[in-house]
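As a plain string of letters, each chain reads:
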Amino acid sequence: MDPNFLLLSFVKIVVVVAVLLPLIAYTALAERRICAFIQDRLGPNRVGPFGIWQPLADGIKFLLKEDFTPSYVRKIYFWLAPAITMIPAMMALAIIPFGSWLGLQKMVIADLNVGILYTFGIVSLGVYGIVLAGYASNSKYPFLGGIRSSAQMISYEIAMGMSVIPIFLLVADPSVNRALAADPAWSAFLQGTSDLNLNHVVAYQAHGVWLVFKQPLAFAIFLVAAFAETNRLPFDLPESETELVSGYHTEYSSMKFAMFFMGEYANMIAASAMMVTLFFGGWTLPWLGLDHPAASVGMGIAQIVVFLAKVVVFLVVFIWVRWMWPRFRYDQLMNLGWKRFVPLALGNIVITALFLWARR
Amino acid sequence: MIVKRKALTWWERLYVPAVWNGLKITVQHFFRKKVTMQYPEEKWVVPPGYRGAPYLVKDQDGRTKCVSCQLCEFICPPKAIRITPPGPPGSPEAGNVEKAPKEFEINMLRCIFCGYCQEVCPEEAIFLMRDYSLTGFSREEMIYNKEKLLALGGVHHDTIQKWKHK
């Protein structure tokens, strides 16, 4: 193993985590402020100007709270569950390209050729944390919350996976591949990557229009399935306060609860990043020369900023939707996932394939 | 009574009108003026007759009106008031007022702001005024003695000054 590669990957991982954790904290603050504004009130604005240091106060609160383990829980699983929730959420960020180059380094932690398969595998692992939390808590509300959540997440993973297939049918376009190979900047950037690589998807979008315009149905299905995967409203029955007290994190306090909380927001950030990469052009913008791989460090940084700005827009959409629409009843939710989305996604694949075949 | 339920149109079953209405309403509310009152920068106006903290008053000639009859001490439900009446020689600095109290303490932590002391006082010497947020660093600090109560009470303009001509 090349020690240089290991060292640089380690640095990239540290940087990504160092950006992710404050982003999680400030997403929580943004959620409280935005929901307050929608409800005709101000949110927390005492701790700093506009409440900027509120996440710090929250962190201190979580650290100093009593970490209570009830006597009736299954101790090992109770301890493991928050970690198992948090880890796949953070791992899902490993293959997302958040920029093009910075100097000589590609701005993605793991430039896997099967990036999208990795993502779906990791997202499937996310179910275990919640199921374990519900099972370990040994109490009715967490149990129900855990069961509901596992069924919901598994159902919507199918729709999510199938909705992304037309993207990859489109991206393997030979004429676009020829154009990219002819361009020196792109061919140097995409060297060694295959058609399924997420950087290739970004390159395809830079060469044409964003994929949201070519595959709006796929985007709609992916968006709704992302809400269901992250257990956010309108699909948040597993953790709804009015239905299930606190759902699968009822029995948790202090740092373990904070880990569930952070895991939920990390999932949101990973889902937003996936949507930005697959449908909204990733780190490119059609203007200002931001649609080629960066030639200078300045452009590299600009592209990272563009990516982060798009992720923030999606996070605001997540937050906005939570405080806007009522939640689905559980049978309506499962109905939507199996009887509506799966046929729609399959139909989308068939139609895209027919369209490409007719056009060949 | 039979309630007719209209079948949902195609659009409504796709939730499109629901989604659109939700977007409109939340965006309108987002940009509206907020109802929050930012205490302590903005405070509300205390209405007249508000039952705040009880304080002793002086009349416009500087006389302490309290004659330590101890009626307020007896009627106070949580026994927040403690009065030490002066001995037979009276108090030297009382002026004309007969039997002004030697020591008058109200424990603000026990006071329930009911207003009974104001209602029962025959001399109109104690009034519940406008202070609602009382703070201190210790329990001892929150037992207000006569000087503090008089200082906070201020002057009460009397039409009939009964001690003036005695």
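Quantities reported herein were computed from a predicted structural model and do not represent experimental measurements.

Asks: I would appreciate a short explanation of the overall build of chain A in the present structure.
Replies: Within chain A, the secondary structure is distributed over 14 helices and two strands. The C-alpha extent of chain A, read off along each of the three principal axes, is 65 × 50 × 45 Å. Of all 360 residues assigned to chain A, the portion counted as buried reaches 41%. Look at the contacts in chain A between residues 6 or more apart in sequence, and 78% of them connect residues 24 or more apart.

Asks: How do you make sense of the pairing of strand 3 (residues 103–107) of chain B when you look at a structure like this?
Replies: Side-chain direction in a regular strand flips from residue to residue, so the side chains alternate between the two faces of the sheet. Residues and elements named next belong to chain B. The alternating pattern of strand 3 places Phe104 and Ile106 on a buried face, while none of Glu103, Glu105 and Asn107, on the opposite face, is buried. With four bridges joining them, strand 2 (residues 81–84) and strand 3 adopt antiparallel strand pairing. Across the sheet, residue threonine 84 finds its bridge partner in strand 3, namely glutamate 103. Note that strand 3 and strand 5 (residues 143–144) share two bridges and pair antiparallel. Bridging from a neighbouring strand, isoleucine 106 pairs with tyrosine 144 of strand 5.

Asks: Would you mind going over the interface of chain B and chain A with me for this structure?
Replies: Interface size is often expressed as the accessible area that is lost when the parts come together. Of the residues lining the interface, nine residues belong to chain B; the matching set on chain A comes to nine residues. Of the residues in the side of chain B that touches chain A, the class split is three nonpolar, four polar and two charged.

Asks: Explain the nonpolar core to me, please; I cannot follow it from the model alone.
Replies: Nonpolar side chains tend to gather and get buried jointly when the protein is soluble and globular. Core analysis: the largest hydrophobic core is formed by 87 residues, its most contacted members being A:Ala225, A:Ala266, A:Ile269 and A:Ala270. No other element matches the 15 residues that helix 12 (residues 254–279) of chain A contributes to this core. Formed by 22 residues, the second largest nonpolar core is a distinct cluster that contains B:Ala100, B:Ile106, B:Cys111 and B:Cys121.

Asks: Whenever I open this one, the sheet that holds strand 5 of chain B confuses me. Can you help?
Replies: Strand pairing in a sheet relies on backbone hydrogen bonds. The paired strands run either parallel or antiparallel. All names here are of chain B. With respect to topology, three strands assemble into an open sheet ordered 2-3-5, the strand pairing being antiparallel. Two strands close off the open sheet at either side, each with one partner strand: strand 2 and strand 5. Sitting on the sheet, helix 5 (residues 146–153) is in contact with strand 3 and strand 5, with an inclination near 75 degrees to strand 3.

Asks: Which parts of the structure should I look at to understand the environment of A:Gly145?
Replies: Position of A:Gly145 among the secondary structure elements: in helix 5 (residues 140–171). Residue class for A:Gly145 comes out buried when judged on the 28 C-beta atoms lying within 10 Å of it.

Asks: For this particular structure, what's the right way to read the confidence of the model for chain B?
Replies: A low pLDDT means the predicted coordinates there should not be read in detail. Of the residues in chain B, 94% reach a pLDDT of 70 or more, and the chain-wide mean stands at 85. Both scores are given for the predicted complex: the pTM is 0.85, the ipTM 0.76.

Asks: What am I meant to see in unusual backbone geometry here?
Replies: All names here are of chain B. At the junction of tyrosine 39 and proline 40, the peptide bond is cis and its omega measures out at 0 degrees in the coordinates. Checked against the element boundaries, proline 40 lands in the loop between helix 2 (16–30) and strand 1 (54–56). In this structure, glutamine 70 takes a positive phi of about 65 degrees despite not being glycine. For glutamine 70, the position within the fold is in the loop between strand 1 and helix 3 (71–75). One non-glycine residue, glutamate 124, adopts positive backbone phi at about 50 degrees. Within the element layout of this structure, glutamate 124 appears in the loop between helix 4 (116–120) and strand 4 (126–128). Of the residues examined, glutamate 124 has 14 C-beta atoms within 10 Å and is grouped as partly exposed.

Asks: Explain the packing of helix 6 (residues 174–182) of chain A against helix 8 (residues 198–207) of chain A to me, please; I cannot follow it from the model alone.
Replies: Packed helices, taken two at a time, are described by the angle their axes make and the gap between the axes. Residues and elements named next belong to chain A. Two elements in contact, helix 6 and helix 8, have axes whose closest approach is 10 Å; the angle formed by their N-to-C orientations is 90 degrees. Here helix 8 runs roughly perpendicular to helix 6, going by the angle between their axes. Of the residues in helix 8, those in contact with Val176, Ala179 and Leu180 of helix 6 are Ala203, Tyr204 and His207. Residues belonging to the contact of helix 6 with helix 8 are distributed by class as follows: five nonpolar, one polar and no charged.

Thresholds, definitions, all that
- Numbering of residues starts from 1 in every chain and runs along the sequence as written.
- Going through the entries in the order they are written, you letter the chains from A and number the ligands from 1.
- At least 70 in pLDDT is required for a residue's local features to be given in this predicted model, at least 80 for side-chain atom pairs to be given and counted, and no such filter applies to totals for whole chains, interfaces and linings, which use all residues.
- The helix count covers DSSP runs of H or I at least four residues long, the strand count covers runs of E at least two residues long, and both are numbered beginning at the N terminus.
- Here exposure depends only on C-beta density: within 10 Å of a residue's C-beta, 20 or more other C-beta atoms make it buried, 12 or fewer make it exposed, and intermediate numbers make it partly exposed, the C-beta atoms being placed from the backbone.
- Any pair of residues counts as being in contact when their C-beta atoms, constructed from backbone geometry, are within 7 Å of one another.
- Only strands joined by at least two bridges in the DSSP assignment are considered to pair.
- Residues are grouped as follows: Ala, Val, Leu, Ile, Met, Phe, Trp, Tyr, Cys and Pro are nonpolar; Asp, Glu, Lys and Arg are charged; every other residue, Gly included, is polar.
- Take the buried Ala, Val, Leu, Ile, Met, Phe, Trp, Tyr and Cys residues, join any whose C-beta atoms are within 7 Å, and the set you get is a nonpolar core.
- Note on definitions: angles span 0 to 180 degrees between N-to-C directions of axes, and those axes are lines fitted to C-alpha atoms, for helices only across the stretch in contact.
- The predictor rates its confidence in each residue with pLDDT, a number between 0 and 100.
- An angle counts as roughly parallel when it lies under 35 degrees, as roughly antiparallel when it exceeds 145, as roughly perpendicular when it falls between 65 and 115, and as oblique in every other case.

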